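# Chain and residue survey
Listed here are the chains, written in short residue letters.
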Protein chains: 2
Amino acid sequence: MTYQGETTLSLALIHHPVVNKRAEIIGSAVTNLDIHDIARTARTYGVAQYFIATPYADQRQLVQELLAHWETGHGAVYNPARREALSIVRLVDGLEAAMTALKEQYGKRPLLVATSAIFREKTLNYKELGEMIRNGEPILLIFGTAHGLAPEVISLADAILPPIMGGTEYNHLSVRSAASIVLDRLLGS
Amino acid sequence: MTYQGETTLSLALIHHPVVNKRAEIIGSAVTNLDIHDIARTARTYGVAQYFIATPYADQRQLVQELLAHWETGHGAVYNPARREALSIVRLVDGLEAAMTALKEQYGKRPLLVATSAIFREKTLNYKELGEMIRNGEPILLIFGTAHGLAPEVISLADAILPPIMGGTEYNHLSVRSAASIVLDRLLGS
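Residues numbered from 1 in each chain as written. Chains lettered and ligands numbered in written order. Predicted model: local features only at pLDDT ≥ 70, side-chain atom pairs only at ≥ 80, totals over all residues. Heavy atoms only, no water.

### Let's talk about the overall build of chain A
Going by this rule: The helix and strand labels rest on DSSP assignments: H or I over at least four residues marks a helix, E over at least two residues marks a strand, and numbering proceeds from the N terminus. For the radius of gyration, the atom set is restricted to C-alpha positions; the globular benchmark scales as 2.2 Å times the number of residues to the power 0.38. Whether a residue is buried, partly exposed or exposed follows from its accessible area with a 1.4 Å probe, protein chains only, as a fraction of its type maximum: under 20%, in between, or over 50%, in that order. Whether two residues touch is decided by their heavy atoms; if any such pair falls within 4.5 Å, the residues are in contact. Here the accessible surface of atoms and residues is derived via Shrake-Rupley with a 1.4 Å probe, and residues count as covered only by protein chains that are part of the display. The positive count covers Lys and Arg only, the negative count covers Asp and Glu only, and His and the chain ends enter neither. Charge coordinates come from a single atom per side chain, which is NZ of Lys, CZ of Arg, CG of Asp or CD of Glu.
Counting secondary structure elements, chain A contains eight helices and eight strands. Its C-alpha atoms give chain A a radius of gyration of 16 Å, near enough to 16 Å, the size a compact globule of 189 residues would have. The dimensions of chain A, computed from C-alpha atoms along their principal axes, are 45 × 40 × 35 Å. Scored against the burial criterion, the 189 residues of chain A give a buried share of 55%. Long-range pairs, those at least 24 residues apart, make up 80% of the contacts in chain A with a sequence separation of at least 6. By element, 53% of the accessible surface of chain A is carried by carbon and sulfur atoms, the whole surface being about 8,400 Å². Counting 17 positive and 19 negative side-chain charges, chain A places the averaged centre of each group 3 Å from the other.

So, in structure tokens, the structure goes:
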């Protein structure tokens with residue numbers, strides 16, 4: 001049950017392990033607007049699945065209730081477009097569960113691609129990754145909340161996208177803005 | 001007092017007159033995250049000024065208090081990067097006040113460019129507008145909250161950017177995502 005324009009790109013928003021501004025490993029709380037904004041952009045660009053990854057059961061329960069409001073509750077009637085965007089959201093307890101689900105879906109392990117606000121090794125550029133998606137390669141692109149993905153998550157990635165720079169030295173985009181820009185660079189016309 | 005990488009592009013987020021989903025003219029409430037997310041992206045891409053335009057005095061008062069928290073209150077110490085992003089925010093009562101401020105600053109009327117989720121006449125493409133910015137032309141780019149700018153605002157614009165499409169028929173980006181993508185298309189490398 002794919003939708004018109006659906007690609008083989010999936011996203012995961014990681015809430016643990018991520019780093020705080022002192023580079024300490026933390027878990028972050030799920031933010032309502034991270035779900036909505038990124039789901040809307042993801043659905044616009046044909047993302048197959050948008051995983052919300054958190055190990056905290058109470059957080060997953062909260063997100064589940066929010067999703068139910070839009071899937072079968074008042075929200076589904078009030079705003080069907082929002083329902084459509086949120087229909088690609090999947091709740092998982094971590095990155096491994098997302099990888100396992102995609103491996104089952106596509107019959108092969110997806111390429112794991114990390115995003116980062118700083119330059120790192122194993123860089124894959126936007127054009128190369130965009131072509132892989134258009135060629136039907138299963139890809140999981142991961143974003144970190146708080147101050148970004150923990151080094152232990154980055155080290156699992158097969159490739160890393162270059163950071164987004166905008167012509168100034170300022171480098172503090174929200175994860176919602178970064179995800180929007182990355183998707184447009186990969187799949188915008 | 002310009003900053004390193006500052007361009008002659010300014011943004012305005014219009015809260016009245018905008019349309020609701022039934023295309024009726026309404027005024028919308030200012031959303032905290034519209035201020036933060038768009039200011040962060042705008043500062044990343046060298047936007048000179050980010051105008052929050054609302055005719056409602058109580059809304060401007062609320063935003064003023066929020067900005068003060070980050071400019072001189074606890075927020076300024078807790079997160080100096082956020083302070084830097086919010087330093088480009090200006091509160092105005094409407095589009096005309098933003099145009100007047102820019103005319104005084106640059107000594108000429110800025111080009112008024114509207115954004116829209118649907119195709120319209122007077123289209124200027126992203127590459128053309130990006131070149132005008134790099135040539136130092138003063139530009140005011142306007143975004144509508146709710147379901148977008150009212151026709152009477154669109155009709156004032158000198159030019160209109162094409163809508164953002166992502167390869168599917170889904171066309172419901174948040175204004176935060178749309179602003180991020182537009183800035184990257186105009187000024188991203």
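### A short note on the relation of the copies chain B and chain A
Spelled out, the test is: Copy-to-copy alignment: least squares on C-alpha atoms, limited to residues at pLDDT 70 or above in both.
Relative to chain A, chain B is turned by 180° and slid 0.0 Å along the rotation axis, the superposed coordinates differing by an RMSD of 0.0 Å. The superposition of one copy onto the other is thereby described by a two-fold rotation axis. The fraction of interface residues of chain B whose copies in chain A are also interface residues reaches 100%, indicating that both copies meet through the same surface.

### A look at the interface of chain B and chain A
This is how the line gets drawn: Simply put, the buried area is the total loss of 1.4 Å probe accessible area from both parts when two parts are fitted together. Here a polar contact is recorded for every N or O atom pair within 3.5 Å, except that within protein the pair must consist of a potential hydrogen donor and a potential acceptor, and residues adjacent in sequence are included only if both atoms are side-chain atoms.
Taken together, the contact between chain B and chain A spans 36 residues of the former and 36 residues of the latter. Together chain B and chain A conceal approximately 3,100 Å² of surface at their shared face, both sides included; 44% is due to carbon and sulfur atoms. By the criterion of area lost to chain A, the three top residues of chain B are R40, T44 and Y170 of chain B, representing 21% of everything that side buries. Summed over the shared surface of chain B and chain A, the result is 24 residue pairs in polar contact (both at pLDDT 80 or more). Elements represented by at least two residues in the side of chain B that touches chain A include exactly α1 (32-44), α4 (80-86) and α8 (175-187) of chain B. Counting residues per element, the side of chain B that touches chain A draws most heavily on α8 of chain B, at seven residues.

### A short note on the nonpolar core
Rules: The nonpolar core is taken to be a set of buried Ala, Val, Leu, Ile, Met, Phe, Trp, Tyr and Cys residues, with the residues joined through side-chain atoms within 4.5 Å.
L141 of chain A together with L141 of chain B are the most contacted members of the largest nonpolar core, which has 84 residues in total. Non-local contacts of L141 of chain A, meaning those with residues more than four positions away in its chain, are made with L9, S10, L11, A12, V113, T115, L129, L161, V182 and L186 of chain A. If you look at the next biggest cluster of nonpolar residues, it comprises 21 residues, including V92, L95, L140 and A150 of chain B.

### Brief notes about the sheet that holds strand β1 (residues 9-14) of chain B
Residues and elements named next belong to chain B. We apply this condition: One requirement defines pairing of two strands: DSSP has to find at least two bridges between them.
Spatially, six strands are ordered β5-β4-β1-β7-β6-β8 in an open sheet, and the strand pairing comes out parallel. At either margin of the open sheet sits one strand with a lone partner, and together these are β5 (89-92) and β8 (159-160). Bridging between strand β6 (residues 111-114) and β8 involves two bridges; their strand directions are parallel. By the bridge assignment for β8, V113 is matched with A159.

### Examining unusual backbone geometry
Cis geometry is adopted by the peptide bond preceding P17 of chain A, which originates at H16 of chain A and carries an omega value of -5°. Here P17 of chain A is to be found in the loop between β1 (9-14) and β2 (18-19). Even without a glycine there, the phi angle at A23 of chain B is positive, about 65°. Position of A23 of chain B relative to the elements: it lies in the loop between β2 (18-19) and β3 (25-26).

### Some remarks on helix α6 (residues 126-134) of chain B
Residue and element names in this part refer to chain B. Inclusion rule: Directions drawn from the helix axis to the C-beta atoms are what define this arc.
All of the buried residues in α6 are Y126, L129, G130 and I133. The buried residues of α6 occupy an angular sector of 105° when the element is viewed end-on, so they sit on one face. Those residues of α6 hidden inside the fold are in contact with β1, β6, β7 (139-144) and α8. With a side-chain oxygen positioned 3.1 Å from the backbone nitrogen of K127, the residue opening α6 is N125.

### Topic: the pattern of salt bridges
Residue and element names in this part refer to chain B. The cut-off we apply is this: When a carboxyl oxygen of Asp or Glu lies within 4 Å of a side-chain nitrogen of Lys or Arg, that pair is called a salt bridge.
Taken as a whole, this structure holds 16 salt bridges over all chains when the rule is applied. Residues D34 and R176 are paired through a salt bridge, measuring 2.5 Å at the closest nitrogen-oxygen approach. Here D34 is found in helix α1, whereas its partner R176 is found in helix α8, with 142 residues between them in sequence. As far as burial versus exposure is concerned, D34 and R176 are alike and both buried. Between K108 and E137 there is a salt bridge, with its nearest N and O atoms 3.2 Å apart.

### Some details on the side chain of D34 of chain B
Judged by relative accessible area, which is 3%, D34 of chain B ranks as buried. Reaching out from D34 of chain B, the side chain makes a polar contact with the side chain of R176 of chain B at a distance of 2.5 Å.

### A closer look at the sheet that holds strand β4 (residues 50-53) of chain A
Residue and element names in this part refer to chain A. The criterion, for reference: Axis lines are fitted to C-alpha atoms, over the contacting stretch for helices. Their N-to-C directions set the angle, which ranges from 0 to 180 degrees.
Reading across the sheet, the six strands line up as β5-β4-β1-β7-β6-β8 and stay open at both edges, with parallel pairing between neighbours. Bordering the open sheet on either side are β5 (89-92) and β8 (159-160), each of which pairs with just one other strand. In the packing of helix α5 (residues 95-106) onto the sheet, contacts are made with β1, β4, β5, β6 (111-114) and β7 (139-144), and the angle to β7 comes to roughly 165°.

### Side note on the packing of α6 of chain B against α8 of chain B
Residue and element names in this part refer to chain B. Applied cut-off: For classification purposes, an angle smaller than 35 degrees is called roughly parallel, one larger than 145 roughly antiparallel, one from 65 to 115 roughly perpendicular, and anything else oblique. Should the near helix be turned counterclockwise from the far one by less than a right angle, the crossing is left-handed, whereas a clockwise turn marks it as right-handed.
Contact geometry for α6 and α8: axes closest at 8 Å, N-to-C directions at 70°. One way to sum up the angle between α6 and α8 is to call them roughly perpendicular. With respect to the hand of their crossing, α6 and α8 are arranged in right-handed fashion. Mapping the contact onto sequence places Y126, L129, G130, I133 and R134 in α6 and V182, R185, L186 and L187 in α8.

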